[in-house]
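Here is how the chains run, residue by residue.
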Amino acid sequence: MRSVEEQQARVAAAAVAPRPVRVAIAEAQGLMCAEEVVAERPMPAFDQAAIDGYAVRSVDVLGAEAIGDTSDGSQREEAVVTLPVLGVIEAGARTPTRLQPKLATRIQTGAPMPTLADAVLPLRWTDGGNTRVRVLRGVRPGDYVRRVGDDVQPGDVAVRAGTVVGAAQVGLLAAVGRDRVLVHPRPRLSVMAVGGELVDVNRTPGNGQVYDVDSYALAAAGRDAGAEVNRVGIVSNDPKKLREVVEGQLNRSEVVVIAGGVGGAAADEVRAVLSELGDVEVARIAMHPGSVQGFGQLGPEGVPTFLLPTNPVSALVVFEVMIRPLIRLSLGKREPMRRMVRARTLGPISSMPGRKGFLRGQLMRDEETGEFLVQVLGSSGGSSSHLLATLAEANCLVVVPEEVEQVGAGELVDVAFLAQRG
C-alpha cells in the first residue's frame, strides 16, 4: 500500500502548466501574471490636484491663520489673506495654464496643475469664494499635489510575474496603459462518469438506477480549484464509444477525471480501454476514504488522468487530496495545498489503522481564547462514510496520521480549511 505523500509526489510530477496566453485585462482577474509588466510612462503623467480646492503659490498664502487661542490663552488676531480667483481648471482640461503671482484658480481633483502653482488649498481652509477667496490657513509647497511619477516611474515594474491578478493589479495595468497581459491560463479539466446505473438529474431514476452525482460534484470542485471545467457527464461503457470520448477530452484537456473507474467489472472494462491510450495504475493508497484510486498519463501529451471511486464522498476526498493540488500547481501557485491549522477536538475521533484519515468536520473558534475547535461529522468508516449530506455540512477535513487509531476529546489535530461557503 502506497503512502499518501508518495502518491501526491507522483501526481505532482505530472503537473504541466498550460502555455501562457495574452488576455484582456478584464479577463485576467484571478489568474497569475506570466510577465514583468514594465511601465513605459510615469504615473501620473502630469502634476495634478489631489483634492478639490484652489491652485495657489504657497508663498502667496504664507502666514494665513484662523482666529484661535495662543499658547498663553490669549486671543490672536486673524491674518487676513484674500486672493482673486481666475476661472476653474476641470479634470481632463488639456489647455496649459499659467498662474500669475497673488492669484488663485479653482481646481478639481485630478486636474492638471497650472504652471507656477505649487500647492492646492483645500476648500475647507477657505470661505469657498468664486471671485475672491479668503484663506483661513496656509499651505506648504507640494501640499495636495500629485507629482509626475509619484506612483510609477518609467522602467518600474508595475505588476510582477507570479502575482495573482486582483482588482488592484487590473487597475494598475489600466493605469499604465496595458489593455492585455500575459497570464497562466486556467488548466482545462474534463470530468465524466461511467456506470450503467447512472441517469442524469433531468430524468427519473428507474429501478436500480441512481442520479449522476459525481460528475456534477467533481466539476464544481474543479471550478473551486481554479480550473476551466468541461463536465462531459455520463459516458457509455461501450469500449468504442468510451475510447472516442476519452480521446477527444485528452486532446482538449490538461487533466481528465473519470468517476466510477475503479471497483467492479465495469471498472475493469474502463481500464482495458484506457490501457490502449497510455499507462494507468490502480493502486491502494494508505488513506480513507478513497483508498482505491487510479492515476496515469494518457495520450501523446501524457495528460494526467484520474480514476475515482463511485462513492461521491470518496471521490470528492480523493479530488481534494490529489487532484486539487495538481490544478493549483498548473495555475502556477507556489502553495498548492489548503491552509492547515491546529484545532482542539470537541469529541473523540476514531480512524482506520494504517491509513491517513481525511475526516469531515466543522471548524469553529472559541470567542474568548481564539483557539480553533473542531467537531468530526459522521464516523470514520462504516455506513456513514458515504453520506454526502455530512460532507456538505463540513467546512474542513480533519487529518489523522496513519499510525493513529484514536484521538481523545481535547487533543490537538491538524485541520485543512475547505472553501468558505457564502
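Located above this text is the structure these notes cover.
A quick note: this is a predicted structure, and the numbers were derived from the prediction, not measured.

Procedures and definitions
- Residues numbered from 1 in each chain as written.
- Predicted model: local features only at pLDDT ≥ 70, side-chain atom pairs only at ≥ 80, totals over all residues.
- Heavy atoms only, no water.
- Helix = DSSP H or I, 4+ residues; strand = E, 2+ residues; numbered from the N terminus.
- Rg over C-alpha atoms; globule rule 2.2 N^0.38 Å.
- Buried < 20%, exposed > 50% of the residue type's maximum accessible area, 1.4 Å probe, protein only.
- Contact = heavy atoms within 4.5 Å.
- Areas by Shrake-Rupley, 256 points an atom, 1.4 Å probe, with all protein chains shown as cover.
- Lys, Arg positive; Asp, Glu negative; His and termini not counted.
- Charge placed at Lys NZ, Arg CZ, Asp CG, Glu CD.
- 1 Å grid on protein atoms, 1.4 Å probe; cavity = no way out; pocket = protein on both sides within 12 Å on 5 of 7 lines; lining within 4 Å.
- Points joined across faces, edges and corners; volume = space filled by probe spheres on them.
- Core = buried A, V, L, I, M, F, W, Y, C linked by side-chain atoms within 4.5 Å.

(A) The overall build of the protein chain, seen in detail. When helices and strands are tallied, the protein chain shows seven helices and 28 strands. The C-alpha atoms of the protein chain give 32 Å as radius of gyration, which overshoots the globular expectation for 422 residues (22 Å, by more than 25%). Counting only C-alpha atoms and orienting by the principal axes, one finds that the protein chain spans roughly 95 × 50 × 40 Å. Across the 422 residues of the protein chain, 45% fall into the buried class. Counting only contacts in the protein chain whose residues sit at least 6 apart along the sequence, the fraction spanning at least 24 positions is 70%. Accessible surface, the protein chain as shown: approximately 21000 Å² in total, 49% of it carbon and sulfur. The centroid of the 45 positive side-chain charges in the protein chain is displaced by 4 Å from the centroid of its 50 negative side-chain charges.

(B) Molecular detail of unusual backbone geometry. With an omega dihedral of -5°, the bond running from Met-43 to Pro-44 counts as a cis peptide bond. Checked against the element boundaries, Pro-44 lands in the loop between strand 3 (37–38) and strand 4 (48–49). Residues His-288 and Pro-289 are joined by a peptide bond in cis, for which omega reads -5°. Examined against the element boundaries, Pro-289 turns out to sit in the loop between strand 19 (287–288) and strand 20 (292–298).

(C) Seen up close, the layout of surface pockets. There is about 310 Å³ of room inside the second largest pocket. Lining the second largest pocket are 18 residues, with Val-16, Ser-253, Glu-254, Glu-301 and Val-303 sitting closest to its centre. Only strand 21 (303–308) and helix 6 (312–330) provide two or more residues apiece to the lining of the second largest pocket.

(D) Looking closely at the nonpolar core. Ranked by internal contacts, the top residues of the largest apolar core, which has 38 residues, are Leu-189, Leu-218, Val-257, Met-287, Phe-306, Met-322 and Ile-323. No other element matches helix 6, which puts eleven residues into this core. Residues in contact with Met-287, not counting those within four places in the same chain, are Val-4, Gln-293, Val-317, Val-318, Val-321, Met-322, Arg-355, Lys-356 and Phe-358.

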